[in-house]
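Single-letter residue listing:
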Amino acid sequence: MENFTPYSGLFGGMLIGIASVLLLFANGHIAGISGIVGGLLAPGSGEKGWRWMFVLGLWIGALAYVFTSGAVFPVQIPASWPLMAAAGLIVGFGTRMGGGCTSGHGICGIARFSKRSIVATVVFIASAIVTVFITRHLLAGAA
Amino acid sequence: MNAQHTRAARLLASLASGVLFGLGLVISQMVNPAKIIGFLDVAGNWDPTLLVVMAGALLIATPAFRLVLKRPHPLFATNFSLPIKTDLEPRLIGGAALFGIGWGLSGFCPGPAVTALVTLEPSVLIFVLAMLAGALLFDRLAMRRQAHEPF
């Protein structure tokens, strides 16, 4: 468990919690990224401004980290381009179908004690663990 | 405050929330797919950081949501936009299971992927474009089904 980073994890998680509270308190919206970004694809121009501002904020936050810490944060991609494209397609389709992702169901939904979100979170974590077990152990071992 | 000021306040609050969210994702390293795979790989060199991140977020959000939702309306809007569905339909389970497969393959979920676009890595852009295509594809299929369903 030498990769475990509990302090930065807890602090970062609390910031994510504060961000979610702010969006609900000020605007009444759930900070679910698949929903926020998905709404940008809907036809019509209504209700897009706040979504763009949130996405812009994500980028500003990430860049602010780079400029204040002087360090670049690592983004290590585990898969080839075709696999990343396939994974992206599945994530987009699945989050739209299931009505949320890690942020909307996993944080905001659980914080509201939503039965749907608790079930969805258990299902997607379990499904992801099985997927990683198959690709990293079963297939890697067979190759 | 007039309507224009309220609209500006809403946009600013949204921006501020995004900034905090993005900072949180970067500081917790949840933007790094390798970190996510480390959590999902329970049979390998397991990294429980994701659980601590969720715990940190819930530690704040759970009590605060309770207080916020007791208010008659949000600060800059007339009503809370909350999901109204409560039933566990096959669509919810199926969607979550599919999402998990994509998450396990890539180590990316929507928030970190969109945030990681700032790295200008081509594979991040490919993932996000494919993700948008996947969302559009579902919307198309759902719309078609709705059109064929008798009332």
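Values in this document were obtained by computation on a predicted structure and should not be read as measured data.

For the rest of this paragraph, the subject is the overall build of chain A. Along its length, chain A carries six helices and zero strands. Traced from its N-terminal end to its C-terminal end, chain A shows the element sequence α-α-α-α-α-α. Along the three orthogonal principal directions, the C-alpha set of chain A runs to about 50 × 40 × 30 Å. Classification of the 143 residues of chain A by burial places 55% in the buried group. At a minimum sequence separation of 6, the contacts of chain A that also span at least 24 residues come to 41%.

The interface is formed by 99 residues belonging to chain A together with 105 residues belonging to chain B. If you list the elements that add at least two residues to the side of chain A that touches chain B, you get helix H1 (6-27), helix H2 (33-38), helix H3 (49-69), helix H4 (81-98), helix H5 (104-111) and helix H6 (115-142) of chain A. Of all the elements, H1(A) adds the most residues to the side of chain A that touches chain B, at 21 residues. Tallied by class, the residues present in the side of chain A that touches chain B amount to 64 nonpolar, 30 polar and five charged.

The subject of this paragraph is the domain arrangement of chain B. All names here are of chain B. Per the domain assignment, the segments making up chain B are domain 1 (1-82) and domain 2 (88-151). Each of domain 1 and domain 2 was reduced to a C-alpha centroid, and the two centroids are 20 Å apart. Facing nine residues of domain 1, the contacting portion of domain 2 comprises eight residues. Those elements that place two or more of their residues in the side of domain 1 that touches domain 2 are helix H1 (3-27) and helix H2 (33-40). Sorting elements by how many residues they give to the side of domain 1 that touches domain 2 places H2 first, with five residues. When the residues that make up the side of domain 1 that touches domain 2 are grouped by side-chain class, the tally is eight nonpolar, one polar and no charged.

For the rest of this paragraph, the subject is H2(B). In an α-helix, one turn spans 3.6 residues; hence positions three or four apart end up facing the same way. Counting buried positions along H2(B) yields seven of eight residues, so the element is predominantly enclosed. For H2(B), the full list of buried residues reads B:Pro33, B:Lys35, B:Ile36, B:Ile37, B:Gly38, B:Phe39 and B:Leu40.

On to the packing of H5(A) against helix H3 (residues 49-68) of chain B. For any two helices packed against each other, the geometry is given by the interaxial angle and the distance between the axes. It is at 8 Å that the axes of H5(A) and H3(B) come closest, and there the two elements cross at 35°. Judged by the sense of rotation from one axis to the other, the crossing of H5(A) with H3(B) is right-handed. Across from A:Gly106, A:Ile107, A:Cys108, A:Ile110 and A:Ala111 in H5(A), the residues of H3(B) making contact are B:Met54, B:Ala57, B:Leu58, B:Ala61, B:Thr62 and B:Phe65. Its residues placed into classes, the contact of H5(A) with H3(B) shows nine nonpolar, two polar and no charged.

This next bit is on H1(A). Over its 22 residues, H1(A) runs 31 Å from end to end, which matches the ideal 32 Å to within 8%, given 1.5 Å per residue. Among the 22 residues in H1(A), 17 count as buried, and that is most of the element.

Thresholds, definitions, all that
- Residues numbered from 1 in each chain as written.
- Chains lettered and ligands numbered in written order.
- Predicted model: local features only at pLDDT ≥ 70, side-chain atom pairs only at ≥ 80, totals over all residues.
- Helix = DSSP H or I, 4+ residues; strand = E, 2+ residues; numbered from the N terminus.
- Buried ≥ 20, exposed ≤ 12 C-beta atoms within 10 Å, placed from the backbone.
- Contact = placed C-beta atoms within 7 Å.
- Nonpolar A, V, L, I, M, F, W, Y, C, P; charged D, E, K, R; others polar.
- Domains from an automatic or database assignment.
- Axes fitted to C-alpha atoms, helices over the stretch in contact; angles between N-to-C directions.
- Left-handed = near helix turned anticlockwise from the far one by under 90°.
- Expected span 1.5 Å × (residues − 1).

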